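Architecture at a glance
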Amino acid sequence: MNAAQKLIREHNLTWEEFAELIKMADDPQVDALLAEEAVRIRKEVYGTDVYTRGLIEFTNYCKNDCYYCGIRRSNPNAKRYRLTEEEILACCENGYELGFRTFVLQGGEDPYFNDDRMVDIVRKIRAGYPDCAITLSIGEKSYESYKRFREAGADRYLLRHETANDVHYRKLHPEEMRLEARKQCLYDLKTLGYQVGAGFMVGSPEQTAETLADDLVFLKELDPQMVGIGPFIPHHDTMFAKEPSGSVPLTLFLLSVIRIMLPHVLLPATTALGTADPLGREKGLQHGANVVMPNLSPVKNRKQYDLYDNKICTGEEAAECRGCLGRRVESVGFTLVSDRGDFRS
Ligand code: SAM
Ligand code: FES
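Computed from a predicted structure; not experimentally measured.

**Let's talk about the pairing of strand β2 (residues 54-59)**
- Counting buried positions over the six residues of β2 gives six, a clear majority of the element.
- Across five bridges, the pairing between β2 and strand β3 (residues 102-107) is parallel. Across the sheet, threonine 59 pairs through a bridge with glycine 107, a residue of β3.

What follows is the structure, encoded as C-alpha cells:
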C-alpha cells in the first residue's frame, strides 16, 4: 500500500518501488485506490470528455519482423493491401462528417510509402481539414523524415517503445531492431515539436514486474503527451501463437498508474483491451483512460490489418463504430466529444 500512496502523493516512484507496486496489481484494494485517484485526476484535467481518433490503417505491408505481430514481413499468410491516396482521403472525408477531428494514419513500415508520398498525403489532409490534427504511426524514420512530415502538417506521432528493457527487447524483435534506435526516434519527435506517444503491450512474452518497472521509469523520463498500452494477444501465425494473452486487470492497473504518474497524458482505452475483454474499453475509462480510437479504415480491408487474433470492430462501418463507442462511453458516465483533443499542459 505504501508505494501506491507514495505514487498518489509524489506522482513518481523509484524503480524498486514501481516493481513492488506492480506486484500488488491483483490486490483489489490497491487497484480501487489507484483507479479512483486516476479518474479524479483525469476529471480535473479533461472533465468527463473522451476524445476520439479516427484510425486509418492504410497499409499492412511491413519490412520489419517483430515476433509478436501478425503482419510481420515473414508471415506468408498475411493478405497484403495498401490504400490508395484517394481511399485515404475518402476515409478522412467520411470521418470528418462523423465528427472526427483527429486522423491517425497507421501502418506497417511500408517502403512504398516513401517520404515524398507521405508528405504528399499529409499536405493534402492538412489542406482539406485545417481544423483537424494529423497523427502518424508509421514506425522508425530518420530525423530528416520526421522533420519533413512535421513541416507538411503532421502534429502527433505514435511510436510505442514496446519495452524499455534491452534483454526483453531482444526477445521480441530480431537483431536488426534496436531499442536505442527506437528511443532516439521518440526523442527526435519530441525535439521536432510533435505530441508524442510511447507505450507497450502488457503481458508480452517474458515481460516481468521488473521490465514493467523499466517501462514506467522510461515513460516518466520521456514525459510523452500520449501513452498507448494494451494487452498482448497472440496471433496464430507467429512464434508466440501459443503464448497466453496479457492480463486485463494488470492493463487496467497500469492505466491508473500511468494516469497518476503523468496527469495530463492522453491515454487510450485500446482496441486490444476491448478484444481481450468485451467491456475492456469501458473499464479502461474507469481506470483513467480518456481517448478511444474507432476504426475509419474501409471495411473491405479491416480484417487484413490482422495484428492479433479475434480483433474486434473489423466488420462495422465507421458510423456504426462511432455510434457503438459513443454508447459505451456514455454507459460509464463520460461523453464522446467532437474535438481535436490536444494535450493540455
Ligand atoms: N509500424 C508501426 C510501429 O511499429 O510503430 C505501427 C504499427 S504497429 C502494428 C502498432 C502496434 O501494434 C505496435 O506498437 C504493437 O505494440 C501493437 N501490436 C502488434 N502486435 C500485437 C499483438 N500481438 N498484440 C497486441 N498488440 C500488438
Ligand atoms: Fe511491422 Fe508489425 S512488424 S507493423
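**Regarding unusual backbone geometry**
- Residues other than glycine seldom take positive phi values, yet asparagine 310 does so here, at roughly 60 degrees.
- Summarising the element assignment, asparagine 310 is placed in the loop between α13 (299-302) and α14 (318-331).
- Given a relative accessible area of 69%, asparagine 310 falls into the exposed group.
- Of note in this structure, cysteine 313 is not a glycine but carries a positive phi near 65 degrees.
- For cysteine 313, the location among the structural elements is in the loop between α13 and α14.

**A few points about the UniProt feature "binding site: (3R)-3-methyl-D-ornithine" (unreviewed entry) in the protein**
- According to UniProt, the feature "binding site: (3R)-3-methyl-D-ornithine" (unreviewed entry) maps to Ser137 in the numbering used here.
- Its place among the elements puts serine 137 in strand β4 (residues 133-137).
- In contact with serine 137, not counting residues within four places along its chain, are Leu105, Gln106, Gly107, Tyr157 and Leu158.
- At 3.2 Å, the side chain of serine 137 forms a polar contact with the side chain of glutamine 106.

**What about the side chain of threonine 275?**
- Inspection of the secondary structure assignment puts threonine 275 in helix α11 (residues 271-276).
- What makes threonine 275 buried here is its relative accessible area of 17%.
- Among the polar contacts listed, one links the side chain of threonine 275 to the backbone nitrogen of isoleucine 312, at a separation of 3.3 Å.
- Those residues within four positions of threonine 275 in sequence are excluded, and the remaining contacts are Ile233, Tyr308, Asp309, Asn310, Lys311 and Ile312.

**Quick look at the pattern of salt bridges**
- On inspection of all chains with the given rule, the structure shows 26 salt bridges.
- With a shortest N-O distance of 4.0 Å, arginine 9 and glutamate 10 are connected by a salt bridge.
- A salt bridge links arginine 40 to glutamate 37, with the shortest nitrogen-to-oxygen separation between them at 3.0 Å. Here arginine 40 pairs with glutamate 37, and both are found in helix α3 (residues 28-46), just three residues apart, close to one helical turn.
- The class of glutamate 37 is buried, set by a relative accessible area of 13%.

**Here we look at the packing of aromatic side chains**
- The full count for this structure, using the stated rule, is eleven aromatic pairs.
- Taken together, a centroid distance of 5.6 Å and an interplanar angle of 75 degrees make the contact between phenylalanine 103 and tyrosine 129 edge-to-face. Here phenylalanine 103, found in strand β3, pairs with tyrosine 129, found in the loop between α5 (115-128) and β4; they are 26 residues apart in sequence, far enough to count as distant. Across the pair, tyrosine 129 and phenylalanine 103 agree in class, each one buried.
- Centroid distance tyrosine 187 to phenylalanine 218: 6.5 Å. Interplanar angle 85 degrees. Geometry classified as edge-to-face. Remark: phenylalanine 218 occurs in helix α9 (residues 209-222) and tyrosine 187 occurs in helix α8 (residues 179-191); sequence separation between them is 31 residues.
- The class of tyrosine 187 is partly exposed, set by a relative accessible area of 28%.
- Through pairs of rings, three or more aromatic residues link up here, namely Phe58, Tyr112 and Phe113.
- Just above the ring of tyrosine 112 sits the side chain of arginine 117; from NZ or CZ to the centre is 3.9 Å.
- Residue placement shows arginine 150 over the ring face of tyrosine 194; its charged tip is 5.5 Å from the ring centre.

**Describing the side chain of threonine 270**
- Turning to its location among the elements, threonine 270 is positioned in the loop between α10 (248-261) and α11.
- Ignoring sequence-local partners within four residues, the contact set of threonine 270 consists of Arg160, Ile229, Gly230 and Arg281.

**Describing the sheet that holds strand β1 (residues 49-52)**
- Strand order in this open sheet of three strands is β8-β1-β9, and the pairing throughout is parallel. Edge strands, defined here as strands with exactly one partner in the open sheet, are β8 (291-292) and β9 (335-337).
- As defined by bridge partners, β1 adjoins β9 across three bridges and the pair is classed as parallel. Of the residues in β9, the one forming a bridge with aspartate 49 is threonine 335.
- Docked against the sheet, α14 engages β1, β8 and β9, running at close to 140 degrees with respect to β9.

**What about empty space enclosed by the protein?**
- Taken as a whole and judged by the stated rule, the model has two cavities of 30 Å³ or more.
- In terms of lining, the second largest cavity is formed by Phe58, Thr59, Gly108, Asp110, Phe113, Met118, Ile138 and Lys141.

**A look at the pairing of strand β7 (residues 226-231)**
- Of all six residues making up β7, six are buried, and the element is well covered by its neighbours.
- The two faces of β7 match: Met226, Gly228 and Gly230 on one face and Val227, Ile229 and Pro231 on the other face are all buried.
- Here strand β6 (residues 195-202) pairs with β7 via six bridges, running parallel. Considered in β7, the bridge of glycine 199 is made with glycine 228.
- Of the crossover connections in this fold, the one passing from β6 over α9 to the parallel β7 is right-handed.

Here is what the cut-offs are and how they apply
- Residues numbered from 1 in each chain as written.
- Chains lettered and ligands numbered in written order.
- Predicted model: local features only at pLDDT ≥ 70, side-chain atom pairs only at ≥ 80, totals over all residues.
- Heavy atoms only, no water.
- Buried < 20%, exposed > 50% of the residue type's maximum accessible area, 1.4 Å probe, protein only.
- Helix = DSSP H or I, 4+ residues; strand = E, 2+ residues; numbered from the N terminus.
- Pairing = 2+ DSSP bridges.
- UniProt positions renumbered as here; feature names shortened; annotations may be inferred.
- Contact = heavy atoms within 4.5 Å.
- Polar contact = N/O pair within 3.5 Å; in protein donor to acceptor, adjacent residues only side chain to side chain.
- Salt bridge = Lys/Arg side-chain N within 4 Å of Asp/Glu carboxyl O.
- Phe/Tyr/Trp six-rings, centres within 6.5 Å; stacked < 30°, edge-to-face > 60°.
- Lys NZ or Arg CZ within 6 Å of the ring centre and 35° of its normal.
- Axes fitted to C-alpha atoms, helices over the stretch in contact; angles between N-to-C directions.
- 1 Å grid on protein atoms, 1.4 Å probe; cavity = no way out; pocket = protein on both sides within 12 Å on 5 of 7 lines; lining within 4 Å.
- Points joined across faces, edges and corners; volume = space filled by probe spheres on them.
- Right-handed = clockwise from strand over helix to strand, strands pointing away.

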